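# Residue-level structure breakdown
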Amino acid sequence: MSIAASYLEDASGHRGTADRVVIPADEAELIALLQQATAERVPVTVLGAGTGVAGGRCADGGWALSLEKFRRLEIHPGYAIVGAGILLRELQAAATQAGQFYAPDPTENASAVSGNIACNASGSRSFLYGDTRRHVRALRVALIDGTVLQLQRGQKPPFELPAVPMPLSKKHSAGYWLKPDMDYLDLFIGSEGTLGVILEAEVVLLPAPAELLTGVVFFSSDADALRAVTEWRGVPNLRMLEYVDAPSLALVRPKFDGIPARAQAALLIEQEVADLDGPELEEWIDRLDAVNAFGEESWFAANAADRERFRRFRHALPEAVNDIVRRQGFTKLGSDFAVPFEHNAAMLAFYRQHLEAEFPNQYVIFGHIGDAHVHVNILPSTQEQFDRGKQLMTEFAAKAVTFGGTVGAEHGLGKRKAHLLALQYSPEQLEQMKGVKRRLDPHWLLGRGTLFPYPA
Ligand SMILES: Cc1cc2nc3c(=O)[nH]c(=O)nc-3n(C[C@H](O)[C@H](O)[C@H](O)COP(=O)(O)OP(=O)(O)OC[C@H]3O[C@@H](n4cnc5c(N)ncnc54)[C@H](O)[C@@H]3O)c2cc1C
């Protein structure tokens, strides 16, 4: 029986193989399936909604496990209970309807909330609100032998866990989260489906902000945009500070009117304010002036429709990149490295220098610059370019590590980037992570090939 591609692929274009797709109707059926898989030593790969870009959900044989029927969604004051099959946009809509707000917003709202937790996704609003981890207060997780754990924030692991060094970047989601005195649920967050199956989560809801001041600010040079980033990071209640470089602007220009022809960079900003008639808009006019930003030609949202247009503008970029790469017959060649903010400009200069030398007119840089975390995407047109691009990405990752950064800030490493983990961690530290994997999944059945090669 052939298996639909939607169960084998993710947004990177990576494609896996599976013997069977299993879609349990409820927890009892899921437990029986996991017990059978353990008894028969069948590898199991957990599927979210397939928007990941690291190939983690693309099975490497065995069963592909879809939790699409786990559809519980309850909104309570201050929190929500979310089944594994609930999409981010469904949670966001239900929270909004109740006058509340789910803070994490990893751009692609067709992702599953459980997939966000499995990758510890973050996105633009993490500038103010942090990553998904910070918003999880309980998790229901099934281990591969069918044991179900209900874990609360504050609950400690039942066995001793090693600790590995954390990078100095604000964001990090590469390998297992192993910190002294950590909560047990933090081990599963960001573990990319290799330690347990997330069945349900309790996540924090916040009161919806009164108003949002949203803008797309254009600059005639990268230097001005970078100066603005440094100056604006301290703006009160700024929740988004995103960067778009000149090649990115060129890519989306045909789809969006009003991008000034002489713009060489843009910053997307979003500030929570009490009232749109307050002093903040005037303050932005002064701020734009102080850093030589375009005043008249920058965009500020007057209503919800404008805000939605700006959201589409931001989302259009990674989408356009993924489309181009697929059309050329390649898989995504994108970075997800973050560095401590003091190295932001140096990291960006390093990227630019190498890309201009080797891939002029074939790359874009955009993303979460407020957290020193931009995404470089190379758009290869030949196999030779793809191979060199892949090598260059490894060189970029190594540079990020020398700056105290991480090789994976929010997408996870999946199967496509698993090799980068060894740039950040020593063989001993990797062995410690694998020891945790063996303890919870002794036959190495869950998410085989993700994060670590299968020790055949
Ligand atoms: C256009 C675009 C923009 C994006 N922008 C951002 C961004 O700004 N920030 C960001 O962080 N990400 C971004 N992403 C990446 C992606 O949306 C996230 O990685 C998302 O968290 C993946 O969720 P998913 O449900 O699609 O998971 P999948 O792709 O299906 O799976 C991802 C991983 O999670 C595991 N997994 C999924 N569900 C479970 C579960 N229930 N239990 C255990 N493991 C599970 C899988 O095995 C796999 O390893 C973007 C993607 C696209 C296509």
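Residues numbered from 1 in each chain as written. Predicted model: local features only at pLDDT ≥ 70, side-chain atom pairs only at ≥ 80, totals over all residues. Heavy atoms only, no water.

### Observations concerning the packing of helix α10 (residues 344–358) against helix α11 (residues 383–402)
- It is the contact of α10 with α11, at a shortest axis distance of 11 Å, that shows an interaxial angle of 160°. Taken together, the axes of α10 and α11 are roughly antiparallel relative to one another. Every pair of crossing elements has a handedness; the one defined by α10 and α11 is right-handed. Mapping the contact onto sequence places Met 347, Phe 350, Tyr 351, His 354, Leu 355 and Glu 358 in α10 and Arg 388, Leu 392, Glu 395, Phe 396, Lys 399 and Ala 400 in α11.
- A class-by-class count of the residues in the contact of α10 with α11 yields 7 nonpolar, 1 polar and 4 charged. (Axes fitted to C-alpha atoms, helices over the stretch in contact; angles between N-to-C directions. Helix = DSSP H or I, 4+ residues; strand = E, 2+ residues; numbered from the N terminus. Parallel < 35°, antiparallel > 145°, perpendicular 65-115°, else oblique. Left-handed = near helix turned anticlockwise from the far one by under 90°. Contact = heavy atoms within 4.5 Å. Nonpolar A, V, L, I, M, F, W, Y, C, P; charged D, E, K, R; others polar.)

### Brief notes about the side chain of Asp 224
- Mapping Asp 224 onto the fold places it in helix α6 (residues 222–232).
- No salt bridge is formed by the buried Asp 224; the nearest opposite charge belongs to Arg 227, separated by 4.0 Å.
- Residue contacts for Asp 224: discarding those within four places in its chain leaves Phe 219, Val 291 and Asn 292. (Buried < 20%, exposed > 50% of the residue type's maximum accessible area, 1.4 Å probe, protein only. Lys, Arg positive; Asp, Glu negative; His and termini not counted. Salt bridge = Lys/Arg side-chain N within 4 Å of Asp/Glu carboxyl O.)

### Observations regarding the sheet that holds strand β11 (residues 211–219)
- The strand order across the open sheet formed by 6 strands is β14-β11-β13-β12-β15-β16, and the pairing between neighbours is antiparallel. The sheet is open, and its two borders are formed by β14 (299–300) and β16 (373–378), each paired with just one other strand.
- Pairing of strand β12 (residues 238–245) with strand β15 (residues 363–368) involves 2 bridges; the strand directions are antiparallel. Within β15, the residue paired with Tyr 243 across the bridge is Gly 367. (Pairing = 2+ DSSP bridges.)

### What to know about the site of the ligand
- Inspection of the region around the ligand gives 35 residues, with Val 46, Gly 48, Thr 51, Gly 52 and Thr 107 positioned closest.
- Between an oxygen atom of the ligand and a main-chain N or O atom of Gly 48, the distance comes to 2.8 Å.
- The side chain of Ser 114 places a nitrogen or oxygen atom 3.4 Å from a nitrogen atom of the ligand.
- In isolation the ligand exposes 980 Å². Once the protein is present, 97% of that is buried.
- Elements with a minimum of two residues in the shell around the ligand: β2 (44–47), α3 (113–119), β9 (197–204) and α9 (304–327). (Near = heavy atom within 4 Å. Polar contact = N/O pair within 3.5 Å; in protein donor to acceptor, adjacent residues only side chain to side chain. Areas by Shrake-Rupley, 256 points an atom, 1.4 Å probe, with all protein chains shown as cover.)

### As for the domain arrangement of the chain
- With domains assigned, the chain is organised as domain 1 (5–65), domain 2 (71–207), domain 3 (210–319) and domain 4 (328–414).
- Computed over C-alpha atoms, the centres of domain 1 and domain 2 are 20 Å apart.
- Here domain 1 meets domain 2 over a buried area of about 1,100 Å², counting both sides, of which 70% is carbon and sulfur.
- Among the residues of domain 1 in contact with domain 2, Glu 27, Leu 34 and Thr 51 are the three that bury the most area, contributing 37% of the side total.
- For the pair domain 1 and domain 2, the number of links is 1 salt bridge.
- Residue Glu 27 pairs with Arg 140 through a salt bridge whose shortest N-O separation is 2.8 Å.
- If you look at where domain 1 meets domain 2, you find 2 residue pairs in polar contact (both at pLDDT 80 or more).
- For the side of domain 1 that touches domain 2, the secondary structure elements donating two or more residues are α1 (27–40) and β2.
- With 6 residues, α1 is the single largest residue contributor to the side of domain 1 that touches domain 2.
- The residue inventory of the side of domain 1 that touches domain 2, partitioned by class, reads 7 nonpolar, 4 polar and 1 charged. (Domains from an automatic or database assignment. Buried area = accessible area lost by both parts, 1.4 Å probe.)

### Observations regarding the nonpolar core
- Counting residues in hydrophobic clusters, the biggest one holds 116 residues, and the most contacted among them are Leu 187, Phe 188 and Trp 232.
- Among residues more than four places away in sequence, those in contact with Phe 188 are Leu 139, Val 141, Leu 143, Leu 149, Leu 151, Leu 195, Gly 196, Ile 198 and Leu 440.
- Core analysis: the next-biggest nonpolar cluster, separate from the first, contains 19 residues, Phe 70, Ile 144, Leu 199 and Leu 445 among them. (Core = buried A, V, L, I, M, F, W, Y, C linked by side-chain atoms within 4.5 Å.)

### Notes on α9
- The terminal C-alpha atoms of α9, which comprises 24 residues, lie 33 Å apart, in line with the 34 Å expected from a rise of 1.5 Å per residue.
- Taken as a whole, α9 carries its principal kink of about 30° at Ala 316; the proline Pro 318 stands between one and four residues after it.
- N-capping of α9 is provided by Asn 303, with a side-chain oxygen placed 3.2 Å from the backbone N of Ala 305.
- Directly beyond the C-terminal end of α9, a positive phi value near 90° is found at Gly 329. (Expected span 1.5 Å × (residues − 1). Bend = angle between axes of the 7 residues up to and from the residue.)

### Some remarks on the environment of Leu 238
- Tracing the backbone shows Leu 238 in strand β12.
- For the pair formed by Leu 238 and Arg 125, sequence separation is 113 residues and the distance between their alpha carbons is 8.9 Å.

### As for the packing of α6 against α10
- Interhelical geometry of α6 versus α10 gives an angle of 155° and a closest axis separation of 11 Å. When the axis of α6 is compared with that of α10, the two are roughly antiparallel. The handedness of the crossing between α6 and α10 is right-handed. In contact with Asp 222, Leu 226 and Val 229 of α6, α10 contributes Asn 344, Ala 345, Leu 348 and Arg 352.
- For the contact of α6 with α10, the class distribution of residues is 4 nonpolar, 1 polar and 2 charged.

### Quick word on the state of the cysteines
- Tallied over the full model, the rule gives 0 disulfides.
- Cys 58 takes part in no disulfide bond, and the closest cysteine sulfur to it belongs to Cys 119, at a distance of 11 Å. (Disulfide = S-S within 2.5 Å.)

### Details of helix α2 (residues 88–97)
- Buried residues of α2: Leu 88, Leu 91, Gln 92, Ala 94 and Ala 95, and no others.
- Here the buried face of α2 lies against β4 (73–76), β5 (79–83), β6 (100–101), α3 and β9.
- After α2 finishes, the residue Gly 99 shows a positive phi value of roughly 75°.

### A word on the sheet that holds strand β7 (residues 136–142)
- Read from one edge to the other, the open sheet built from 5 strands follows the order β4-β5-β9-β7-β8, with strand pairing classed as antiparallel. Lying at the two open borders of the sheet, with one neighbouring strand each, are β4 and β8 (148–152). Geometrically, the sheet is characterised by an average inter-axis angle of 10° between neighbouring strands, direction not taken into account.
- Relative to β4, α2 is tilted by about 35°, and along the sheet it contacts β4, β5 and β9.

### Things to note about the packing of aromatic side chains
- Enumeration according to the criterion identifies 14 aromatic pairs in this entry.
- Ring plane angle 75° and centroid distance 6.0 Å describe the contact between Phe 350 and Phe 396, whose orientation is recorded as edge-to-face. Pair noted here: Phe 350 is in helix α10 and Phe 396 is in helix α11, with a separation of 46 residues, a long-range link.
- Plain terms: the ring middles of Tyr 351 and Phe 396 are 4.8 Å apart, the flat faces sit at 75° to each other, and that makes the pair edge-to-face. Placement of Tyr 351 in helix α10 and of Phe 396 in helix α11 is noted, with a sequence separation of 45 residues between them.
- Looking at Tyr 351, the relative accessible area reads 2%, which means it is buried.
- Among the aromatic residues, those joined into a ring-pair cluster are Phe 218, Phe 256, Trp 299, Phe 310 and Phe 313.
- The residue whose ring lies beneath Arg 133 is Trp 177, and the NZ or CZ to ring-centre distance is 3.8 Å.
- Seen from the ring of Trp 299, Arg 309 lies directly overhead, with NZ or CZ sitting 4.9 Å from the centre. (Phe/Tyr/Trp six-rings, centres within 6.5 Å; stacked < 30°, edge-to-face > 60°. Lys NZ or Arg CZ within 6 Å of the ring centre and 35° of its normal.)

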